[in-house]
Structures are given as structure tokens and as C-alpha cells.
Amino acid sequence: MADEYEKLARQLIGEFSSMHRFMSTRVSNAVSGEMAVMRALMLANGELSPSQIADRAWVSAPRVANILRNLEAKDWVTREPDKADRRRVIVKITEHGLACIEEKRELSNRKTGEFLAELGPDDAHELVRLIHRMNEIIEKNQGTRLREILYSETPSQKTAFPIHQRPTTKKGGRACASSSSSKTTSWRCLSPSA
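Residues numbered from 1 in each chain as written. Predicted model: local features only at pLDDT ≥ 70, side-chain atom pairs only at ≥ 80, totals over all residues. Heavy atoms only, no water.

Draft legend 1. Molecular detail of the overall build of the protein. Tallying secondary structure elements over the protein gives six helices and six strands in all. Sequence-ordered secondary structure for the protein, helices as α and strands as β, is α-α-β-α-α-β-β-α-α-β-β-β. Across the 194 residues of the protein, 24% fall into the buried class. Within the protein, contacts between residues at least 6 apart in sequence are counted, and of these 41% link residues at least 24 apart. (Helix = DSSP H or I, 4+ residues; strand = E, 2+ residues; numbered from the N terminus. Buried < 20%, exposed > 50% of the residue type's maximum accessible area, 1.4 Å probe, protein only. Contact = heavy atoms within 4.5 Å.)

Below, the structure is given as C-alpha cells:
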């Protein structure tokens, strides 16, 4: 049975690679660029700090700074001092930004609907069901892996994470510190302070 799943895994990876060739630029821009930042802001009712955006959009802090400059130049967002803490900056979506995102969302929904129509109703429903199931499994496994790292018996060990899996801190007496590179973030969980 394991051989059967390994064969299917190779086939699936090959299919994803083929899709990647056709979609890489569009998906990359949507997931790791301006659209990811705008999506994070929209899910937070339009206001976040740059560090919160980095965590929620799975983008490095230096990349977020560049993206925010581009979005400000387009008048999609503004950066303002936080009223409660003047040292912090709050990023807010503008009305123009909301209108542009809504236009892009409508186009995306229309294009995705056209694609699903080509699949037909049975395959389209099955595709959505399977992707939902995949996300459930991924979320469960990532949560398990994060708990293993955060509460490991050997807190001095460093483990590399993709940037989108990084927690900020964890309650319960353990603090986690990170160091980032362009591809990974290394985490070290510290023992509770006395």
C-alpha cells in the first residue's frame, strides 16, 4: 500500500509542477506580494501593523516594507502613527484600495468560475472538496509540528521553519525567538523564567 501512495505522490508532484509552469507568475504575485498583504489587511478589518502583516501574509518584514511602499504609491494603503503608541505604525486600506481589490476579486471569481465550468459540476465539486480536505490535513499537521517545537523537551535545539509557519510568542511560560533568512526562520524556544 505504501508503494501505491508513493507512486501517487510522484504523479501528484508532477501534476503540480506542470500547473506551476503555467501559473507560477500569477500565483506567486497573488500569494507572496501585494495581494497577500491586502488580503491580510482585509481579513483584519483594514488595519494592522507591518509586523502583523508579515506574520499574517507569510512575507518577510523587509519584503513587507517594499510592498507597502508600492501600495502607498498606488494609494491602496496609508501608514499612520498608532494613536495608542506613537512609536508604532498602523497600515490602513484606503477607499481606492478597497475598490481595486474588489475589482480584482470579481475578475478572479469570474476566471475561476470559468475554469470550474470546464471541469463540469461533478469534478468541480470534487476538486473543491479535496482541496478543502487537503487544507484540513495540512493545518492539523502544522499545528502538531508547531506544538512539538514550542513545547519540546530540548528547547536549545534550533529548527528551520518556512516563514509562513512562524509563531510570534507562546503563552504558558515559554517564549520563542526567531532569526530569519530569505527562505527560512529558525526558532529557539526558551525555558520559562523563574
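Right, picking up where we left off after that structure.
Draft legend 2. Summary view of the nonpolar core. Ranked by internal contacts, the top residues of the largest apolar core, which has 21 residues, are Val 37, Met 38, Leu 41, Ile 53, Leu 68, Leu 71 and Val 77. Element by element, the count of residues in this core is highest for helix α2 (residues 34–43), at five residues. Non-local contacts of Met 38, meaning those with residues more than four positions away in its chain, are made with Leu 71, Trp 76, Val 77, Ile 93, Gly 97 and Ile 101. (Core = buried A, V, L, I, M, F, W, Y, C linked by side-chain atoms within 4.5 Å.)

Draft legend 3. Examining a nonpolar patch on the surface more closely. Residues Leu 12, Phe 16, Met 19, Phe 115, Leu 119, Leu 127, Ile 131, Met 134 and Ile 138 make up a contiguous nonpolar surface patch of about 760 Å² in total accessible area. Counting only elements with at least two residues in the nonpolar patch, the list comes to α1 (2–32), α5 (95–119) and α6 (121–150). When residues in the nonpolar patch are grouped by element, the largest group, four residues, is from α6. Within the secondary structure, Leu 12 is located in helix α1. (Patch = residues over 30% accessible without salt bridge, like charges linked within 9 Å, V, L, I, M, F, W, Y side chains within 5 Å. Areas by Shrake-Rupley, 256 points an atom, 1.4 Å probe, with all protein chains shown as cover. Salt bridge = Lys/Arg side-chain N within 4 Å of Asp/Glu carboxyl O.)

Draft legend 4. Representation of the environment of Pro 50. With respect to the helices and strands, the residue Pro 50 is situated in helix α3 (residues 50–57). With 14 residues separating them in the primary sequence, Pro 50 and Val 64 have C-alpha atoms 6.8 Å apart. Beyond its immediate sequence surroundings of up to four residues, Pro 50 is in contact with Val 64, Leu 68, Val 89 and Val 91.

Draft legend 5. Up close: the sheet that holds strand β1 (residues 47–48). Spatially, three strands are ordered β1-β3-β2 in an open sheet, and the strand pairing comes out antiparallel. Across the chains shown, the open sheet's two edge strands, defined by having one partner strand only, are β1 and β2 (77–81). In this sheet, strand β3 (residues 89–93) lies alongside β2 in antiparallel orientation, the contact comprising five bridges. Across the sheet, Val 77 pairs through a bridge with Ile 93, a residue of β3. Each of β2 and β3 is contacted by helix α4 (residues 61–73), which is oriented at about 115° to β2, the strand it contacts most. (Pairing = 2+ DSSP bridges. Axes fitted to C-alpha atoms, helices over the stretch in contact; angles between N-to-C directions.)

Draft legend 6. Highlighting the pattern of salt bridges. Under the criterion given, the structure shown has nine salt bridges. Between Glu 80 and Lys 92 there is a salt bridge, with the nearest N and O atoms lying 3.2 Å from each other. Note that Glu 80 is positioned in strand β2 and Lys 92 in strand β3, a separation of 12 residues in sequence. A salt bridge links Arg 133 to Glu 136, with the shortest nitrogen-to-oxygen separation between them at 3.5 Å. You can see Arg 133 and its partner Glu 136 sitting in helix α6, three residues apart, about one turn around the helix. Given the relative accessible area of 36%, Glu 136 is considered partly exposed. Members of the salt-bridge network, linked through shared partners, are Glu 47, Glu 80 and Lys 92.

Draft legend 7. Focus on the side chain of Asp 82. Checked against the element boundaries, Asp 82 lands in the loop between β2 and β3. Judged by its relative accessible area of 15%, Asp 82 is buried. Once you skip the residues sitting within four places of it in the chain, Asp 82 turns out to touch Arg 88, Val 89 and Ile 90.

Draft legend 8. Structural detail: the confidence of the model for the protein. Averaged over the protein, the pLDDT score is 75; the fraction of residues at 70 or greater is 68%. Considering only residues more than four positions removed or in separate chains, one finds that residues 153–194, a stretch of pLDDT under 50, has 79 contacts. (pLDDT = per-residue confidence, 0-100.)

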